[in-house]
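Chain residues, written in single-letter form:
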Amino acid sequence: MLSYALRTLTRMALTFFAIVTIVFFATRLSGDAIDYVVGEGITSEDRALLIEYYDLDKPLFSQYLAFLHAFTDGQFGLSFIERRPVSEIVVERLWPSAQLLLPAMALTLLVSIPLGIAAAIWRKSWVGSAVMAVAFLGYAVPNFVLAIVMMLVFSYWLNWLPVVGNGTALHFIMPTVAMAGVLIAALTRFTRNAMLDVLGQDFMRTARAKGLPEARVIVKHGLRNAGITILSVIGLQVAGLAAAGSVVIESIFAWPGIGDLLVSSALRRDYPVLQFGVLTVALAVIVINAAVDLAYAWADPRLRHTVKA
Amino acid sequence: MTYPAVPAPSLPAPSLPAAAYQLWRSADVIQKAAILIGIALVVLAIFAPLIAPFDPNSQSLISRLRPPLGFERAKAGYLLGTDELGRDVFSRSLYGLRLTLMLAGLGATLGLMIGGTLGLLAGIAGGRTEATIMAAVDTQIAVPFTLVALFLLAILGSSIQVIVLVLGLAGWEQYARIVRGEVKRLMNMPFIEAARAAGAGPLRIARHHLLPNIVSPLVVQFTLSLSNIVLLESTLSFLGLGVQPPTATLGSMVGIGRDYMPTAPWIVIAPAMMILLITFAVQILGDWLRDGADVRLRAR
């Protein structure tokens, strides 16, 4: 287990290092970023001063080293536009994002696990077909279209829900549902498939032959085993989908989270903020993946012995 | 004991229309609907310049924000109404569909070429080459691609070339994994060994013996990834990071139109429905093809 954990952590660190490097050099591909910020009508002395201020005059490789150094002292630079530390700007966006993501994840689990199990148990009846049809449709609907349609119906036509912002509890309904939509569709399909794999196993028949009640067979023997697969899917697929969803949903509903920050700083070409924001989200996703990976190995001993690094 | 080789029964190769008819016969109602929708969308996209009644970018300030035909204040000739600059929503949707499908097609093809080449390389070369390529695959999987796309477009600008590149980078790792897996499986097969014994070099083996055997999983993956790429393109355009105005893409029409939703919802509805139809049709077709390929694998 320890060596498996070490391998996972090493891979995680290498992945993050690769992303840091790619992000850094990609940012510098675009020439002098300063021109996007100051615009026309600046004297060349002022421009030179700004370039010096943001260290854009140093050789590329020493800029890269300085950038890596930032991970030791936390000095990630200043926003081009807001003129304050990017770490401060990004960190204050984390909590609103979590406030949206956690309920959306909870909703996803509450809806898709029972639906997926139902679709697996009754796969040959209309229940299974109906669940899978809805899941399929849900996967085909882009989350921004879902969000826009909900806004149109519930805010503009029915006047039930506020359009944008995060002031009251009512503000949470549409973004949460819009975010959860695609996650539910994805996880329902995975849950169904994972359950189908388990339902055909010998130990399920044994459990029934022992005379256990059906519900207990499904939950204790079926779900416990399928749960391991479902967990890995949550780590690999759902974390990525959720990160992508945050970008779109937060930007539509003017939700002051990190996704909204990324879109607005991309549109305003505020590279320091964009760079640090992308790295923060990437790190979060990598950490979740690694955590799930470790949980997976801990729950299923077969894995840590068979899988080579 | 060994069995004597049974000569394969020589079936006449089915002609293309006959094969298409067979496929059509094997589809269920929803799949037939998806096929028809797919064909209709492609035809609309190809013939957009002939079908569209107006130039998609010509503005008319006196006929701004008119509703679709059949509603009060509608203006004759403007089937789906006009947008905030008096442009015809129907014409813009057609051109948007055309551009969206073109970008997605190019992006998916680029992804296939990048991923297919790297996968082939990894599978044939093995060793350090394979390890490096698979490490790149793992990195790509670990990062949510929407973020990477956002980042690249912000830095490199939203020219058509950059957009196609970004769409191509989305999903290449799927092809690489599939091709590498298939190649590794095939490389152990006797017919590859026979080819090698007959003096075929790696290029000849790749071209004549490996590629024909991995076409069908690649076609399936191409279809499945196409709908993801349409979604990615639409999302980026929606956020304002795709093809820049005034050029219409379906995503940017929804993105800009949402500001006018309370008074003119039709600007958003037409392109949003088109995006839905594309992703729906493509996903159904992809699933159908995948199931077909699976059956053949099982029968083998």
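Treat the numbers as computed from the prediction; the structure is a model and nothing was measured. (Residues numbered from 1 in each chain as written. Chains lettered and ligands numbered in written order. Predicted model: local features only at pLDDT ≥ 70, side-chain atom pairs only at ≥ 80, totals over all residues. Heavy atoms only, no water.)

Student: So what's going on with the overall build of chain B? Residues and values would help.
Tutor: Assigned secondary structure in chain B consists of 12 helices and 0 strands. Reading chain B from its N end, one meets helices and strands in the order α-α-α-α-α-α-α-α-α-α-α-α. Relative to its 300 residues, chain B shows a buried fraction of 46%. Long-range pairs, those at least 24 residues apart, make up 71% of the contacts in chain B between residues at least 6 apart in sequence. Counting every atom, chain B has about 15000 Å² of accessible surface; 67% of that belongs to carbon and sulfur. (Helix = DSSP H or I, 4+ residues; strand = E, 2+ residues; numbered from the N terminus. Buried < 20%, exposed > 50% of the residue type's maximum accessible area, 1.4 Å probe, protein only. Contact = heavy atoms within 4.5 Å. Areas by Shrake-Rupley, 256 points an atom, 1.4 Å probe, with all protein chains shown as cover.)

Student: Can you lay out the environment of Gly251 of chain B for me, pointing to particular residues and giving the numbers?
Tutor: Residue and element names in this part refer to chain B. Relative to the helices and strands, Gly251 is located in helix 11 (residues 250-257). Residues Gly251 and Val162, spaced 89 residues apart in sequence, show a C-alpha to C-alpha distance of 17 Å. When sequence neighbours within four positions are dropped, the list of residues in contact with Gly251 reads Ser234, Ser237, Phe238 and Ile275.

Student: Give me the interface of chain B and chain A: which residues, what numbers.
Tutor: Between chain B and chain A, the contact holds 38 residues from the first and 44 residues from the second. Interface area for chain B against chain A, summed over the two sides, is near 3400 Å², with a carbon-plus-sulfur share of 80%. Joining chain B to chain A, the criterion identifies 1 salt bridge. In this structure, the salt-bridge partner of Arg189 of chain A is Asp287 of chain B, at a minimum N-O distance of 3.9 Å. Where chain B touches chain A, the interface holds 3 residue pairs in polar contact (both at pLDDT 80 or more). Elements that contribute at least two residues to the side of chain B that touches chain A include exactly helix 5 (127-142), helix 6 (145-156), helix 10 (202-238) and helix 12 (266-299) of chain B. Per-element tally for the side of chain B that touches chain A: the top contributor is helix 12 of chain B, with 11 residues. (Buried area = accessible area lost by both parts, 1.4 Å probe. Salt bridge = Lys/Arg side-chain N within 4 Å of Asp/Glu carboxyl O. Polar contact = N/O pair within 3.5 Å; in protein donor to acceptor, adjacent residues only side chain to side chain.)

Student: Lay out the UniProt feature "domain: ABC transmembrane type-1" (unreviewed entry) in chain A with the relevant residues and their values.
Tutor: Residues given the UniProt feature "domain: ABC transmembrane type-1" (unreviewed entry) here are residues 94-292 of chain A. Segment residues 94-292 of chain A splits into 84% helix and 0% strand. End C-alpha atoms: 21 Å apart. (UniProt positions renumbered as here; feature names shortened; annotations may be inferred.)

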